[in-house]
Amino acid sequence: MALKIVTYGNPILRQKAKPVTKFDERLRELADDMIEAMHKADGIGLAAPQIGKSIAMFVVDISPIIEGFQPMVFTNVEILENEGSGPYTEGCLSIPGVSGEVLRPQKIKIRYTDLNGKTVEGVADGVLARVIQHENDHLNGKLFIDYLDESTLEPFKPVLEKLETKNKKILAKKNTK
Ligand code: NI
């Protein structure tokens, strides 16, 4: 099933996602569909709230940057430790046309649950650590633009306002149905 990516202004992007509790075929199908949607949009990460589902799952595929990387699925992620701090220019499939440099820890230790319901612990650094932190923020209703200062954000204000207006219209339509 082709999934649609929701954009900035949709309230689901500001909600805290519910933990995943059922690791069944349906979840695996959703993960596959999310990987497909991420690839179609040329993204390297996609979180469930971005396709309109407020559950704690995201997919990552950094193969455009790290050759040979296979798509990964993460649920119920906890960041246990972090180390260092560095800048990286981020963007987001839900905020097209906006990008900016964000400072984040460069190395993280995480615990997550895989699609089989197995708890996994691992260490990530570089781009992978970056994407995991960006996607995990989505599960807490946080967006990368929240880290940008007012002057960096200023030129993007019209884009953000346009997206918000579009989503308000969609919402108003839904409510009158
Ligand atoms: Ni994003």
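None of the values given here were measured: they were computed from a predicted structure. (Residues numbered from 1 in each chain as written. Predicted model: local features only at pLDDT ≥ 70, side-chain atom pairs only at ≥ 80, totals over all residues. Heavy atoms only, no water.)

Engineer: Teacher, can you tell me more about the sheet that holds strand 7 (residues 119-125) here?
Structural biologist: Pairing between the strands of a sheet is mediated by backbone hydrogen bonds and can be parallel or antiparallel. On the basis of which strands lie adjacent, the open sheet formed by five strands has the order 1-2-3-6-7 and antiparallel pairing. Bordering the open sheet on either side are strand 1 (45-47) and strand 7, each of which pairs with just one other strand. Neighbour to neighbour, the strand axes of the sheet diverge by 40 degrees on average, direction disregarded. Across three bridges, strand 1 lies against strand 2 (residues 57-60) in antiparallel orientation. Along strand 2, the bridge assignment pairs Ala-47 with Phe-58. (Pairing = 2+ DSSP bridges. Helix = DSSP H or I, 4+ residues; strand = E, 2+ residues; numbered from the N terminus. Axes fitted to C-alpha atoms, helices over the stretch in contact; angles between N-to-C directions.)

Engineer: Hey, could you run me through the coordination of the nickel ion in this one?
Structural biologist: Four donors placed tetrahedrally about a metal ideally form angles of 109.5 degrees, and six donors placed octahedrally ideally form angles of 90 or 180 degrees. The coordination sphere of the nickel ion contains the protein donors Cys-92 (SG), His-134 (NE2) and His-138 (NE2), at a distance range of 2.1 to 2.2 Å. Linear spacing of the donor residues for the nickel ion on their chain is C-x41-H-x3-H. Here the residue His-134 and the residue His-138 both occupy positions in helix 2 (residues 126-139), the gap between them amounting to four residues, near one helical turn. The two residues His-134 and His-138 agree in class, both being buried. (Donors = N, O, S within 2.8 Å, 3.2 Å for Na, K, Ca; no water. Buried < 20%, exposed > 50% of the residue type's maximum accessible area, 1.4 Å probe, protein only.)

Engineer: Can you help me understand the pattern of salt bridges in this one?
Structural biologist: A side chain with one charge can pair with a side chain of the opposite charge if their charged atoms come near. Applying the stated criterion to the full structure yields ten salt bridges. Among the ionic pairs, Arg-130 bridges to Glu-90, the shortest N-O distance being 2.7 Å. Of the two residues, Arg-130 is situated in helix 2 and Glu-90 in strand 4 (residues 86-91); the sequence distance between them amounts to 40 residues. Look at Glu-90 and you get buried, because its relative accessible area is 4%. (Salt bridge = Lys/Arg side-chain N within 4 Å of Asp/Glu carboxyl O.)

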